[in-house]
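Remarks on the overall topology
The primary structure of each chain is shown beneath.
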Number of protein chains: 2
Amino acid sequence: MITIAEYILTRLRQLGVQHMFGVPGELNLAFSDIIEDHTEYNIKWVGGCNELNSAYAADGYARVKQSLGVLLTIFGPGELSAMNGYAGAASEDVPLLHIVGVPSTIQQKNQTLVDHTLGDGRYDDFSRAARQMAYPQAIIDKKEEAASKIDRILIECISNSRPGYLALPTDLVTQEISSDSLQFPLSRYVAQNDPAAEKFVVDRISHLFGQSMAQGEEAVVLVDLGAIRHDVVKEVYDLVNRTGFPVFCTPMAKTAIDETYERYGGVYWGSILSRPEVKEKVENANIVLSIGSFISDFNMGNFNYNIQTSRLIELQHDRTNIQGTMFPGVGMKQLIPKLANQLHHICNEISKTAVAKYVNIVPQESDDAITNAWLWPRFGEFFKENDIILAETGSPQYGIIDIPLPKGSVLLSQMRWASIGWTVGATLGACLAASESTTPRRSILLVGDGSLQMTVQELSSIIRAGLKPIIFVFNNHGYTTERMLHRESTQKKYPDLALWDYAGLLKVLGDLDGTRSRSYKAHTKQELSALLNDEKFGKGDTYIELVEIFLDKLDAPYALTNWPKAGTAPARRSRA
Amino acid sequence: MITIAEYILTRLRQLGVQHMFGVPGELNLAFSDIIEDHTEYNIKWVGGCNELNSAYAADGYARVKQSLGVLLTIFGPGELSAMNGYAGAASEDVPLLHIVGVPSTIQQKNQTLVDHTLGDGRYDDFSRAARQMAYPQAIIDKKEEAASKIDRILIECISNSRPGYLALPTDLVTQEISSDSLQFPLSRYVAQNDPAAEKFVVDRISHLFGQSMAQGEEAVVLVDLGAIRHDVVKEVYDLVNRTGFPVFCTPMAKTAIDETYERYGGVYWGSILSRPEVKEKVENANIVLSIGSFISDFNMGNFNYNIQTSRLIELQHDRTNIQGTMFPGVGMKQLIPKLANQLHHICNEISKTAVAKYVNIVPQESDDAITNAWLWPRFGEFFKENDIILAETGSPQYGIIDIPLPKGSVLLSQMRWASIGWTVGATLGACLAASESTTPRRSILLVGDGSLQMTVQELSSIIRAGLKPIIFVFNNHGYTTERMLHRESTQKKYPDLALWDYAGLLKVLGDLDGTRSRSYKAHTKQELSALLNDEKFGKGDTYIELVEIFLDKLDAPYALTNWPKAGTAPARRSRA
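Read on for a plain summary of the structure. (Residues numbered from 1 in each chain as written. Chains lettered and ligands numbered in written order. Predicted model: local features only at pLDDT ≥ 70, side-chain atom pairs only at ≥ 80, totals over all residues. Heavy atoms only, no water.)

The next point concerns the overall build of chain A. A count of helices and strands for chain A gives 23 helices and 21 strands. For chain A, the C-alpha radius of gyration of 25 Å lies close to 25 Å, the compact-globule estimate for 576 residues. Counting all 576 residues of chain A, 65% fall into the buried class. Contacts in chain A between residues at least 24 apart in sequence constitute 77% of all its contacts with a sequence separation of at least 6. As displayed, chain A offers around 19,500 Å² of accessible surface, 50% of which is attributable to carbon and sulfur atoms. Both charge centroids of chain A, one from 55 positive and one from 67 negative side chains, sit 4 Å from each other. (Helix = DSSP H or I, 4+ residues; strand = E, 2+ residues; numbered from the N terminus. Rg over C-alpha atoms; globule rule 2.2 N^0.38 Å. Buried < 20%, exposed > 50% of the residue type's maximum accessible area, 1.4 Å probe, protein only. Contact = heavy atoms within 4.5 Å. Areas by Shrake-Rupley, 256 points an atom, 1.4 Å probe, with all protein chains shown as cover. Lys, Arg positive; Asp, Glu negative; His and termini not counted. Charge placed at Lys NZ, Arg CZ, Asp CG, Glu CD.)

Turning our attention to the pairing of strand S12 (residues 287-291) of chain B. All names here are of chain B. When you tally the buried positions in S12, you get 5 out of 5 residues, the bulk of the element. Side chains Ile287, Leu289 and Ile291 project from S12 onto one buried face, and the interleaved Val288 and Ser290 project onto a second face that is buried too. Here 4 bridges tie S12 to strand S13 (residues 312-315), and the two strands are oriented parallel to one another. Bridging from a neighbouring strand, Ser290 pairs with Glu314 of S13. (Pairing = 2+ DSSP bridges.)

So, on to the packing of aromatic side chains. Residue and element names in this part refer to chain A. As enumerated under the stated definition, the model contains 55 aromatic pairs over all chains in all. Centre to centre, the rings of Trp269 and Tyr398 are 6.4 Å apart; their planes meet at 40°, and the pair counts as tilted. Here Trp269 is found in the loop between strand S11 (264-267) and helix H12 (270-273), whereas its partner Tyr398 is found in helix H16 (residues 395-401), with 129 residues between them in sequence. Among the residues examined, Trp269 registers a relative accessible area of 1% and is labelled buried. By relative accessible area, Tyr398 is classed as buried at 7%. The rings of Trp376, Phe379, Phe382, Phe383, Phe472, Phe474, Tyr520 and Phe537 are connected pair by pair, giving a single aromatic cluster. Here the guanidinium or amino end of Arg442 rests over the ring plane of Phe382, the centre of that ring lying 4.5 Å away. (Phe/Tyr/Trp six-rings, centres within 6.5 Å; stacked < 30°, edge-to-face > 60°. Lys NZ or Arg CZ within 6 Å of the ring centre and 35° of its normal.)

For the rest of this paragraph, the subject is the interface of chain B and chain A. A common way to report how large an interface is uses the accessible area buried once the components associate. The interface is formed by 89 residues belonging to chain B together with 89 residues belonging to chain A. Interface area for chain B against chain A, summed over the two sides, is near 7,300 Å², with a carbon-plus-sulfur share of 57%. Summed over the shared surface of chain B and chain A, the number is 2 salt bridges. In terms of residue count, helix H2 (residues 29-37) of chain B provides more of the side of chain B that touches chain A than any other element does, 6 residues in total. (Buried area = accessible area lost by both parts, 1.4 Å probe. Salt bridge = Lys/Arg side-chain N within 4 Å of Asp/Glu carboxyl O.)

A few words on the pattern of salt bridges. Evaluated as defined, the whole model comprises 59 salt bridges over all chains. When the shortest N-O distance is used, the salt bridge between Asp387(A) and Arg442(A) registers 2.8 Å. Here Arg442(A) lies in the loop between helix H17 (422-435) and strand S18 (443-448) and Asp387(A) lies in the loop between helix H15 (372-382) and strand S16 (388-391), a separation of 55 residues in the sequence. Pair check on accessibility: Asp387(A) and Arg442(A) agree, each one buried. A salt bridge links Lys333(B) to Asp231(B); its shortest N-O distance comes to 3.2 Å. Of this pair, Lys333(B) sits in helix H14 (residues 332-346) while Asp231(B) sits in the loop between helix H10 (225-229) and helix H11 (233-243), and the two are 102 residues apart along the sequence. Given a relative accessible area of 24%, Lys333(B) falls into the partly exposed group. A relative accessible area of 36% places Asp231(B) in the partly exposed class. Linked by salt bridges that have partners in common, Arg122(A), Asp124(A), Asp125(A) and Arg128(A) make up one network.

Counting 94 residues, the largest nonpolar core has Leu452(A), Leu459(A), Leu505(A), Leu452(B), Leu459(B) and Leu505(B) as the members making the most contacts within it. Residue contacts for Leu459(A): discarding those within four places in its chain leaves Val424(A), Leu452(A), Ile471(A), Leu505(A), Leu506(A), Leu509(A) and Leu546(A). (Core = buried A, V, L, I, M, F, W, Y, C linked by side-chain atoms within 4.5 Å.)

Let us look at the environment of Trp376(A). Residue and element names in this part refer to chain A. Checked against the element boundaries, Trp376 lands in helix H15. Trp376 sits in the buried class, given a relative accessible area of 3%. Here the alpha-carbon distance between Trp376 and Gly399, two residues 23 residues apart in the chain, equals 5.9 Å.

A few words on the relation of the copies chain B and chain A. Each copy of the sequence occupies a distinct position, and chain B is placed on chain A by a rotation of 180° and an axial shift of 0.0 Å, giving an RMSD of 0.0 Å. Taken together, the rotation angle and the small translation identify this as a two-fold axis. For chain B, the minimum C-alpha distance to the rotation axis belongs to Ala129(B) and amounts to 2.0 Å. When you check the interface residues of chain B against chain A, 100% turn up at the interface there too, and the contact is symmetric in its surfaces. (Least-squares fit on C-alpha atoms with pLDDT ≥ 70 in both.)

Residues and elements named next belong to chain A. Strand order across the open sheet formed by 7 strands is S11-S10-S9-S12-S13-S14-S15, with mixed pairing between neighbours. In the strand order of this sheet, the two ends are held by S11 and strand S15 (325-328), each with one partner. Sheet twist, expressed as the mean angle between neighbouring strand axes with direction ignored, is 20°. Judged from the 3 bridges that link them, strand S10 (residues 247-249) and S11 form a sheet pairing that is parallel. From the neighbouring strand, Phe248 faces S11, where its bridge partner is Gly266. Packing of helix H9 (residues 195-214) onto the sheet brings it into contact with strand S9 (219-223), strand S12 (287-291), strand S13 (312-315), strand S14 (319-322) and S15, and relative to S14 it is tilted by some 35°. Its contacts with the sheet place helix H14 (residues 332-346) against S12, S13 and S14, and it is angled at close to 130° to S13. (Axes fitted to C-alpha atoms, helices over the stretch in contact; angles between N-to-C directions.)

So, in C-alpha cells, the structure goes:
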C-alpha cells in the first residue's frame, strides 16, 4: 500500500521528472510536505513567484527534456493564474501535467462556500474552464479510482504530447491505495497503423517519388514542430541520411534538425520572408514531404506559403495527407521508417543536389548605434555548441530565424501561442532541465523590455536556484512589435513602457550581496562586442549575467519591419 | 452615426469611467488608437505590465468608486492571463467590464488558424472558459446588434454588480452604427419588489421586532459586503438613525459603516474571534437583521457563527429570508426604507442600548523587535480620515480587522477570493479612482513579501502614473500564513521565499533618478515609530513611499495564530 501522493511521485519519477514547479497554498500543502520529505523520489519542488510563471517554467522544462513537465497549484486563484501558461502548452503540444490541490471531497459534497470559490456552491467552475483548453482531465474523487485515473492522464499527456489536468482533493492526498500497478512503468503509447492503409500510403508515396525522380525533379523534406513533439526526429534523420533529400525546417522547428547538418538547407518561412536559396529549393521542388506541420501566422510567414496541394505530402502523428487526400490512422512514427526503406531504393543523384550553406555574416555599419540588422548576426557569432537559446515573442523571435545556430543548440520560442513574458519563466525550467544532464550547456535568454516586465519576478527564482543563464534585455522603450505591425501606433503613447533600470534588477531581486550576478549596459556596438568577446563573459557557469542593450524604438529585425500582408494559404479546418 | 468604439466610450463616460486598464496587443490596437485620440471622452487608458495586474487595477478602481471598472485585453494569452482577476471580481461581486479584442469576424468565420489560438479552428475556447466565471457575455459579431449588446452587458454589470465579458472583433471597431440610443444614459436597474410579497415581509419583520421589543430583547443590524455592492449603505444608515439599533459589520464589510459612528459596535467575526463585547451583543440579540451577507471561511471566522436561524432575518438584493423562510423577489433596496418607516414606530429604549466604543490600544512590549501584536494598533494611530487602506490576503487581512479605522476611511481587501498579490494592482486602480475626486486621500498598501512578489511589477505603473501611495512591505521571509494554517510547514523549506531588497525596488522599477520615491527599512519598533511620527513621512502627496518592515517568520496577528477549526455553520447551497 502507498499514499496517493507517493503513487503520483513514483509515476513522475518513472517518467524521469526531477523538478516540478508551482506555488504553495493551503490546498496543496499536504502534498508539498510529502514531496519535500520523501527525498528518495529525488524530485525537487521549485517554488515560483506566481503560478503563471511556474507554468511557463514547467513548459520550458518539458520542451528541453522533450518529456513531461509538472505544475502544482491550488484551486481557484492559483489554477486560474496558470491558465494562460497551460493554454500555451495546449496550443504548442507540450506535455504539461497540471496538478491542482482542491478542497476536500466532503467540502465539495456539502457545497461549503469556502474561500476561493465564486460563492455559487459549485466546485467545477474552474475545471470546466480548464476543460476548454486541454483535452484530458482526471478529477480524483475517490481513492479506489485514483491509480487508474492518474495512469490514464499521464499516458494521455506523454502519448499525445498534450497538457492534462489532475484535481487532487486535500483529504485524499494521504489515503492509501495499492502499489501493484507501479511495477509496470508507463510509456508513450503509439497507436498501430492500419496495415492495409499503411501499405497503400507507402506505395502511393513511393510511386510519386519514383515518378518525380524519373522526370529529374527534386524533392525536399520540410520539418515542423510536430516532428519534435511526436518524437520522429531520429526517424527523419534516418530517412534523409538514406535518401539524401535536402531537409528544411519551419520557424517553429528551427534546431529540430542540426543547422550544421550537411543536408540541412535552412528555414522555410513562406514565400516572402524565406531566404532566396531556401525559397527556390522548397517552392520549386516537385514533392514537399512535410512532417508534423503546425499552422500559424508567424510560422507560415503570415500565411504566405507557396506549396500547392498537388506537390504536398503531409505526415502527422495520426494521419497522412497525400495531395489533398487524407488517410486517417496512418501515423508518421511507424510510417517514416517504412518510407525510408522504400525511398532509398528510388532516390538518385537528383535527390542529392547540393544545398546552399547557411552562412552568418555580420554587416559592417558606419554608425556605432546598435541595430537589429547588426545585432542578430553578432549573436550568431556568440552562440556555442549545445546552447539553449530562448527567444521571446516579438523582436527576438523575428531576429533569431535568420541566423544559423550551432550544432547541438536548441531554440525555444513560443511562436503560435505567442504569450509575451513566457521565456522568463521558461528559462527557469530550461536551466533546471539542463542541470539534470552531464553535458554542460549555456542557457541564453533574449527578451524585450515589454516581455520582461510581464514576468520579471521569476529572475528571482533563477537566482535563488543558483542557475547561471545569460540574459540579454532589449530596451527599446516599449512594444516595438506593435509599432511595426500597427504603424499608426508609432505616433501613440500606449506602446511606451515605464523605463526601468534593467541592469539593476538582479541585485534587488535576490543577489543582495552582489556575489552571484553581473549586469552590464551596452549602448554601442563597440561596448556590446567588447563584452561578447571578453573571455570572462558568457561562460554560463560562474555568474548569472544580464546585459541591457539599448535600441532605437523604431528599429526592428528585417522580418518584423517587412512583415507581409496575410497571403492566400487556405484556411485549415482540422487541427494541424 | 458613430463608430462602435466611440459608442462604447460614450457609454463608459456616461457611467463615470475616467480611467480604464489593460495591456495593448495587436488585436486591440485599433480600439486603443481611438481611446488615445478621442480626448473628448476624457477616458485615460492606463497600461499595465501584465493583464492580471491590470484586472486587479480595474477591480480596485471599481471598488473605490463603487461603480464600473474596465479592463481591455486581447484574445487568448491576454484574456486568460486576466482570468484570475476576473474570477475574483465574480467572487466578490465587483462590476468589472472585460473588453477583449478578438480576431476579425472573417477570420473567425474561415476558422483561420491564427496565432493565439489552440490550433483547433475554434474561436470560442476562451469565451467559453470565461463563461464559467461570469454571468453576462456579449460576443459582438455583427454591427447591427452591437449597440444593444453593449447596453445590455453594461446594465447587467452595474445592476447586478457582476463582471461582464465583451468580445470586440478587430474589423468591427470602426464600423458605424446609430448613436440614437446614446441620448438615454444607462442606469442601475433595480427590480421592483412584488407588492404583496413585500407587504407580507414588512409586516412579518415588524411583528417579530415588535414582539422582541415588548419582551425587552435587543436587536442588532449586521452589515456585510452585499450592502456595499448593492448600494444600500445610505438606506442602512437611515434605518439605524431612525431606530437606534446597534450596527455591526463583518470583516468583508469593515468601513461600510463609519467606525466612528455612534451606533457602530465593531466587527462580528464569528464566535471565537470576535471581541468579547461584540460577540456578546450579536450572539445575545433576539433578532439579527443581516444585510447582504457573504459566506466564506475568512469572513465567518472559519464558519464559527453563533446566530441561530430562529433569530436571523437576512436581506439580500434579490430576496429576503426570515427565520429560514425564503421570500424570493423581495429585494433590500426597496425593502429597507419601508422597514425603517415601520420599525421606527416600534423600537424603544431597548433598541438604543449603548454600544461599546471601539478603542485602539498600542501594547507596551519590552522587546524592540517589531511584532504583529504591536504593529497593527500602531498602524491604527497612523491612519487618518479618508485613507484608502488596502490590506493584502494573509497577515495584513488578519491584522487589520481588530483595529478601528478612521472616519471616511475605506478598507479594500479580497477576503473571499483571497488571491495573493491582488492589492498591488488594486492600489494602482484605487489611487487613480481617488485622483478623480477633489478630496485629497492617502492610499496605504499593506502587503506581505510573498504577495508582493506575485505582482511586483505593477509598482512601476504606479510610479509612472505619478501616484503617491504609502507602501508597507512585511518581510517575514516567506508565506507566514501557510506556516500558521499548516503547522507542519514551519519545518519545511517550501514556504520560504527568495530574499529581496524591497527597499531597492522603486528605484529600479521606474524612479531612476530617485526624485519620485523614498524607501526605508524598519527593523525595530523605534525605527518604525520614528518614521510614522515624522511629519515629512506619510503625506501621500509628495513621494511614493515604501517601508520594508522586518518581522519574525513565525510572528503573526492574533487571529491568524489562533485561527480556529472550522465550526458548525450550515453549508449553504444557494449563492450568498
